[in-house]
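Chain and residue survey
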Amino acid sequence: MASDRAPGSTAPAADGGDAVTALRQVFLSSFGSSNPHTIVRAPGRVNLIGEHIDYNGYSVLPIAIEQSIYIAVGPNTDGRVHIVNHDPKFESFSCDVNDIHNIGNPPAWHDYVLCGLYGVHEHLHVPVRSGVNLAVLGRVPPAAGLSSSSALVCAAALAGVSLFGSVREHCQPSEKDGQVEHSASTENEKKCLHEGDKQATDNGVGSSHNLSPGFTSSPGGLSLHGVSYEELARVCALSEKYVGTQGGGMDQAASLLSVEGNAQFISFNPLRCEAVTLPTGACFVVANCMAPANKAATSDFNMRVVECRLATCLLGKRSGLSWRQVVNMADLQRQLGGLSFDRMISLVETTLHEEPYTLEEVAEALDIPPLEVVSSLLSKNTEHATSFCLRPRALHVFSEAERVDAFRRTCDLWRDGQSHQTPDETLRTLGDLMLASHESARLQYCCSHRLLDDLVQLSSRHALGARLTGAGWGGCTVALVPQDSVVSHCKELYDNFYKGMGVAEDRLSDVLFCSSPARGAEVVWAAGEAIPL
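First, a word on what this report is: a plain description of the structure on this page. All of these numbers come straight from a predicted model, not from anything done at the bench.

**Side note on the overall build of the protein**
Helices and strands together make up the secondary structure of the protein, namely 15 helices and 19 strands. Counting across all 533 residues of the protein, residues that qualify as buried make up 59%. The long-range share in the protein, meaning contacts at least 24 apart out of those at least 6 apart in sequence, stands at 75%. With an accessible surface of roughly 20600 Å², the protein has 49% of that area assigned to carbon and sulfur atoms.

As structure tokens, this is what we get:
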């Protein structure tokens, strides 16, 4: 997509050099005269298509955005973890270095930092010890569906590896059955779903990152102190479950593995990230509906995860499979011989009824007691649930996975000069897929919001298609807009949405901006280097 931005619709400046300077000043004022050891950056993301299907095992298609979370990190000798924020509205936090596993429920902002540190300590055996100072500066709008929380986890994990990773070789992880062996001494560890904790494999991703001390680059991708970014993405996805979020890994992979200038086709088990060239002639415009979207604050997100899990079990059982051995919907499709998406949709329509299932119905269908459904298939914050919408959730997952494949196929045909469509028709196809995705999220997955729907409807005049992006229930939309219509599109949204929401015109870029595919996480400054301009 073109990277030119229209007046009034520009992204808030990335200001990497300014962020580093500001963060270094906060670090010095908070922790004394010593410079930080390193400053790292992890971007947010916009998912172009493929909502709520990563944790079902299907591929997704996000881009990293310029807006990022920055963390300055350095050692201390008092044996404590000190976390401060550039924004004074976020309270500072301190704990003993041995207590980084004590993560709050519900989580505070600093708990996402602890998630990243504890994740690399527990699963990569990066020894977080002696004490550590961290200063955080956030440029990703919070609770906007742009993955600010995952970017914070990724930045904290990268900061931990940059500071302590050089001594990792003295603490080799033990393995059992292909998994990192975990202790089971805390409640937080029990929250973790171990089925996702598999050894990562190289994915062949290249990058334009500037290499800092400790970095290596190889055909297998970037690594820092011997920790590959693929491995780090896997661990960050696993670690975010400590705050109770049972995602599938898209956000962390997009933040850590993205290549500048391309969308990322991210698939799982094994984790793999492939660059996708986007057609020219249009750009993606992100619009914040200004209704907060915090998936860790309610059970809505995890309820969808549970409903998909139950639907998978029932479909597997009634298809003659051992339902306990079916991991997710993608695995179900594989075990059924790789049926087409149309066949999977037909299976859902003929197997699952439209009305919500009761707990007793699920138990009877699986031939287990209701208490076992609760203990083995529900999560901690959904164990109270007694009604489950299975058919619509499964219909969304299979149709959305098919749309992702169609989106990528359309892009690849355009890139290779093999498309039978005109450029305008190609863009229209992508827009139609995005709009169909939103309608499925709204009607089948029930994760939209009236303000998101308003933005999608207002976008129809100038955009080729629009959809919610992120988990939903608030946050942002993303619209595919022809380059020559961006100004008109943004004016339409300002006049008919943001003006009524009280947004001043000179603050419009805080909530409405074009997004070009940015590069993934990196160390942006190390002790002894000049501050970047």
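**Details of the sheet that holds strand S18 (residues 512-515)**
Pairing within the open sheet is antiparallel, and its four strands lie in the order S16-S17-S13-S18. Strands with a single pairing partner mark the edges of an open sheet, and in this sheet they are strand S16 (465-469) and S18. Averaged over neighbouring strand pairs, the angle between their axes works out to 30° when direction is ignored.

**Details of the sheet that holds strand S4 (residues 93-96)**
Strand order in the open sheet formed by six strands is S4-S3-S5-S2-S1-S19, with mixed pairing between adjacent strands. With partners counted over all chains shown, the strands left at the sheet margins are S4 and strand S19 (522-526), one partner each. Averaged over all adjacent pairs, the angle separating strand axes in this sheet is 20°, with direction ignored. The pairing of strand S3 (residues 80-85) with strand S5 (residues 132-138) spans five bridges and is classified as parallel. Following the sheet pairing, Ile83 is matched in S5 by Leu134.

**A short note on the pairing of strand S11 (residues 263-267)**
Most of S11 is tucked away, with five of its five residues classed as buried. In S11, alternate side chains face the same way, and those of Ala263, Phe265 and Ser267 on one face and Gln264 and Ile266 on the other are all buried. Pairing analysis gives five bridges linking S11 to strand S12 (residues 272-276), with the strands arranged antiparallel. Paired with Gln264 across the two strands is Ala275, which belongs to S12. Where S11 folds back on S12, the antiparallel hairpin that results is connected by four residues, among which Asn269 adopts a positive phi of roughly 55°.

Reading the values: the criteria
Residues numbered from 1 in each chain as written. Predicted model: local features only at pLDDT ≥ 70, side-chain atom pairs only at ≥ 80, totals over all residues. Heavy atoms only, no water. Helix = DSSP H or I, 4+ residues; strand = E, 2+ residues; numbered from the N terminus. Buried < 20%, exposed > 50% of the residue type's maximum accessible area, 1.4 Å probe, protein only. Contact = heavy atoms within 4.5 Å. Areas by Shrake-Rupley, 256 points an atom, 1.4 Å probe, with all protein chains shown as cover. Pairing = 2+ DSSP bridges. Axes fitted to C-alpha atoms, helices over the stretch in contact; angles between N-to-C directions.

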